[in-house]
Amino acid sequence: MGESSICQVRATVMLYDESTKRWVPAGSDSPALSRVHIYHSSSAHTFRVVGRKLQADQQVVINCPILKGMKYNQATANFHQWRDPKQVWGLNFSSKEDGAAFAKAMLYALDAL
Ligand SMILES: CC[C@@H]1C=C[C@H]2CCN(C(=O)[C@@H]3CC[C@H]4C=C[C@]5(CCCN5C(=O)[C@H](Cc5ccccc5Cl)NC(C)=O)C(=O)N43)[C@@H]2C(=O)N1CC(=O)O
């Protein structure tokens, strides 16, 4: 059984650079909008965040498992963030509605794990 998308939003995917204490766009250095999904694998009972650049190259800029017990921080209506073992991810949503939709799906996933 493959994976199904439980939400898709538009956001700029950011990573926090601990050394410079700055947010940098994930993927190539141009901050560009991506389509960000939460995929659910029902057979594996797993969820992950996958984002691809909207522009032609469709570069994958995030492919991050959602781990049980992960803390999801809605810093503002448009900017949410979480830590994985190696780094801190941030999503700068194109709208508050996208932020709310993503948060709803994320909290559903965290509750289901
Ligand atoms: C894209 C630009 C960006 C847009 C929006 C704003 C919103 C606030 N904000 C931040 O970076 C805030 C300000 C302080 C700084 C200090 C530390 C940071 C950076 C690394 C993580 N962090 C935590 O506070 C984490 C959160 C967390 C809590 C709970 C669970 C998980 C997590 Cl991740 N706290 C732990 C304990 O991990 C942080 O988010 N910080 C963003 C921001 O200013 N800008 C503008 C710019 O940078 O120009």
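Everything numeric in this text was worked out from a predicted model, so none of it was measured. (Residues numbered from 1 in each chain as written. Predicted model: local features only at pLDDT ≥ 70, side-chain atom pairs only at ≥ 80, totals over all residues. Heavy atoms only, no water.)

## Notes on the nonpolar core
The nonpolar side chains of a soluble globular protein tend to be buried, and buried together. Counted only if it meets this: Working definition of a nonpolar core: buried Ala, Val, Leu, Ile, Met, Phe, Trp, Tyr and Cys residues. They are joined through side-chain atoms within 4.5 Å. Note on exposure labels: buried denotes an accessible area under 20% of the residue type's maximum, exposed denotes more than 50%, and partly exposed covers the range between, all computed with a 1.4 Å probe on protein chains only. Under the scheme used here, helices are H or I runs from DSSP no shorter than 4 residues and strands are E runs no shorter than 2 residues, and both carry numbers assigned from the N terminus. By the convention used here, residues are in contact when the closest approach between their heavy atoms is within 4.5 Å.
Ile38, Val49, Ile66, Trp82, Phe102 and Met106 are the most contacted members of the largest nonpolar core, which totals 26 residues. Those elements giving two or more residues to this core turn out to be β1 (3-17), β3 (34-41), β4 (46-53), β5 (60-65), β8 (88-93) and α1 (96-112). Tallying contributions element by element places α1 first for this core, with six residues. Apart from the residues within four sequence positions on either side, Met106 is in contact with Ile38, Val49, Ile66, Met70 and Tyr72.

## Describing the packing of aromatic side chains
The condition that has to hold: Only Phe, Tyr and Trp rings are paired, with Trp represented by its six-membered ring, and only when their centres lie within 6.5 Å; those with planes under 30 degrees apart are stacked, over 60 edge-to-face, the remainder tilted.
The final tally for this structure, using the stated rule, is seven aromatic pairs. Ring geometry for Trp23 and Phe79: centres 5.0 Å apart, planes at 75°, overall edge-to-face. Remark: Phe79 occurs in strand β7 (residues 79-83) and Trp23 occurs in strand β2 (residues 22-25); sequence separation between them is 56 residues. The class of Trp23 is partly exposed, set by a relative accessible area of 30%. Taking relative accessible area as the criterion, Phe79 reaches 15% and is therefore assigned buried. Ring centres of Phe47 and Tyr108 lie 6.3 Å apart, and the angle between their planes is 85°; this geometry places the pair in the edge-to-face category. Of this pair, Phe47 sits in strand β4 while Tyr108 sits in helix α1, and the two are 61 residues apart along the sequence. Overall, Phe47 belongs to the buried group, its relative accessible area being 4%. Here the aromatic cluster, defined as three or more aromatic residues joined through ring pairs, consists of Tyr72, Trp82, Phe93 and Phe102.

## Comments concerning the pattern of salt bridges
Basically, it comes down to this: Each salt bridge in this description consists of a side-chain nitrogen of Lys or Arg and a carboxyl oxygen of Asp or Glu lying within 4 Å of one another.
Per the counting criterion, the structure on display carries two salt bridges. In this structure, the salt-bridge partner of Glu18 is Lys21, at a minimum N-O distance of 3.8 Å. A residue is classified by how much of its surface remains accessible, and Glu18, at 46% relative accessible area, is partly exposed.

## Concerning the side chain of Ser41
Within the element layout of this structure, Ser41 appears in strand β3. For Ser41, the residues in contact, after removing those within four places along its chain, are Gly2, Glu3 and Thr46.

## Structural notes on the side chain of Asp98
For clarity, the cut-off: Positive charges come from Lys and Arg alone, negative charges from Asp and Glu alone, with His and the N- and C-terminal ends not counted. The term polar contact refers here to a pair of N or O atoms within 3.5 Å; inside protein, the definition further demands a hydrogen-donor-capable atom paired with an acceptor-capable atom, and it admits residues adjacent in sequence only when both atoms are side-chain atoms.
Tracing the backbone shows Asp98 in helix α1. Although Asp98 is buried, it forms no salt bridge, and the closest oppositely charged side chain is Arg10 at an N-O distance of 5.0 Å. Within the local environment of Asp98, its side chain forms a polar contact with the backbone nitrogen of Arg10, the two atoms lying 2.9 Å apart. For Asp98, the contacting residues outside a window of four places in its chain are Val9, Arg10 and Phe93.

## Quick word on the environment of Ile62
The residue Ile62 is located in strand β5 in this model. Between the alpha carbons of Ile62 and Ala100 there is a distance of 19 Å; along the sequence they are 38 residues apart. Residues in contact with Ile62, not counting those within four places in the same chain, are Val13, Val49, Val50, Gly51, Trp82 and Trp89.

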